[in-house]
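Close look at the chain arrangement
One letter stands for each residue in the lines below.
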Amino acid sequence: MLIAGFPAGAWGTNCYLVAPAAGEECVIIDPGHQAAQGVEDALRKHRLKPVAVVLTHGHIDHVASVVPVCGAHDVPAWIHPRDRYMMSDPEKALGRSIGMPLMGELTVGEPDDVKELADGALLELAGMEFGVSHAPGHTKGSVTFGMPGSGDVPPVLFSGDLLFAGSVGRTDLPGGDHTELLESLARVCLPLDDSTVVLSGHGPQTTIGRERVANPYLHGMAAPRRGM
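Here the residue numbering is sequential within each chain, running from 1 through the sequence in written order. Confidence filtering applies because this is a predicted model: local features only for residues at pLDDT of at least 70, side-chain atom pairs given and counted only at 80 or more, and all residues used for totals across whole chains, interfaces and linings. Side-chain numbers come from the whole structure's heavy atoms, not from hydrogens or water.

A few words now on helix α5 (residues 178–189). Numbering of helices and strands starts at the N terminus; helices are DSSP runs of H or I of at least 4 residues and strands are runs of E of at least 2. What a helix is expected to span follows from its residue count: subtract one and scale by 1.5 Å. The end-to-end C-alpha separation of α5 is 16 Å, in line with the 16 Å expected for 12 residues at 1.5 Å each. Burial status follows relative accessibility: with a 1.4 Å probe on protein chains alone, a residue under 20% of its type maximum counts as buried, one over 50% as exposed, and anything between as partly exposed. Taken together, the buried positions of α5 are occupied by Leu181, Ser184, Leu185, Ala186, Val188 and Cys189. In the core, the buried residues of α5 are packed alongside β8 (128–134), β9 (143–147), β10 (156–160), β11 (163–164), β12 (167–168) and α6 (208–214). Think of a polar contact as two N or O atoms within 3.5 Å of one another; within protein, one of them needs to be a possible hydrogen donor and the other a possible acceptor, and neighboring residues in sequence only count if both atoms come from side chains. Two or three places before Thr179, at the start of α5, stands the capping residue Asp177, its side-chain oxygen 3.0 Å from that residue's backbone nitrogen. In what follows, a contact means two residues having at least one pair of non-hydrogen atoms within 4.5 Å.

As structure tokens, then:
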């Protein structure tokens, strides 16, 4: 599996391109502020063809380049319905008044084709499987994307702004809820194998095992019991 990632824009938001291998179809995750050129550079470098954009949540630092990227390659964007409004109304999502300037020139709005994510869905894109888990707390429509491991390849969790190396997502913006965030961490992250590689919306990669031990927000937290 090929995962090419880079931090983009003023917020340093991680954008990822995921493919079975170089020269094949790929999925783009969270093309945020000023990410369009980085996406094009990665596509050329690895000879990739996009088939979809998938979004962990609707904040402008994660979706600002969705319109140009989807438009350039005629692909759909997937987002949870509770965050869909943010693509067209980023000021509301950030608690700003309409008309207050955001950083730089931003293309807001929806691409031509928007598809909605559902908790527990299995997306089959570019010959790969992405398990969708609704994980509210940072926003009402935050999701994670999980990929199973195989052989020597560990499982991967694209955690968005739910879980970071040593920290978790903020909950002080509209739609944020700290209790919901903790519940999402327990339900979505803690049941995962320690070897699971966590690729988050900001900062370096980590693993579930490392965060289980070192992340103060996970100390003393137990995964919920599965129903009988």
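Take a side-chain nitrogen of Lys or Arg and a carboxyl oxygen of Asp or Glu: if they are within 4 Å of each other, that pair is a salt bridge. Taken as a whole, this structure holds 7 salt bridges when the rule is applied. Across the salt bridge formed by Arg84 and Glu110, the nearest N and O atoms sit 2.7 Å from each other. Placement of Arg84 in the loop between β5 (77–79) and α4 (90–94) and of Glu110 in the loop between α4 and β6 (114–116) is noted, with a sequence separation of 26 residues between them. Judged by relative accessible area, which is 24%, Arg84 ranks as partly exposed. You can call Glu110 partly exposed: its relative accessible area is 32%. With its nearest N and O atoms 2.7 Å apart, the salt bridge here joins Arg170 to Asp172. Arg170 gets classed as partly exposed once you look at its relative accessible area, which sits at 48%. Shared partners join several salt bridges into a network, and the residues in it are Arg84, Glu110 and Glu116.

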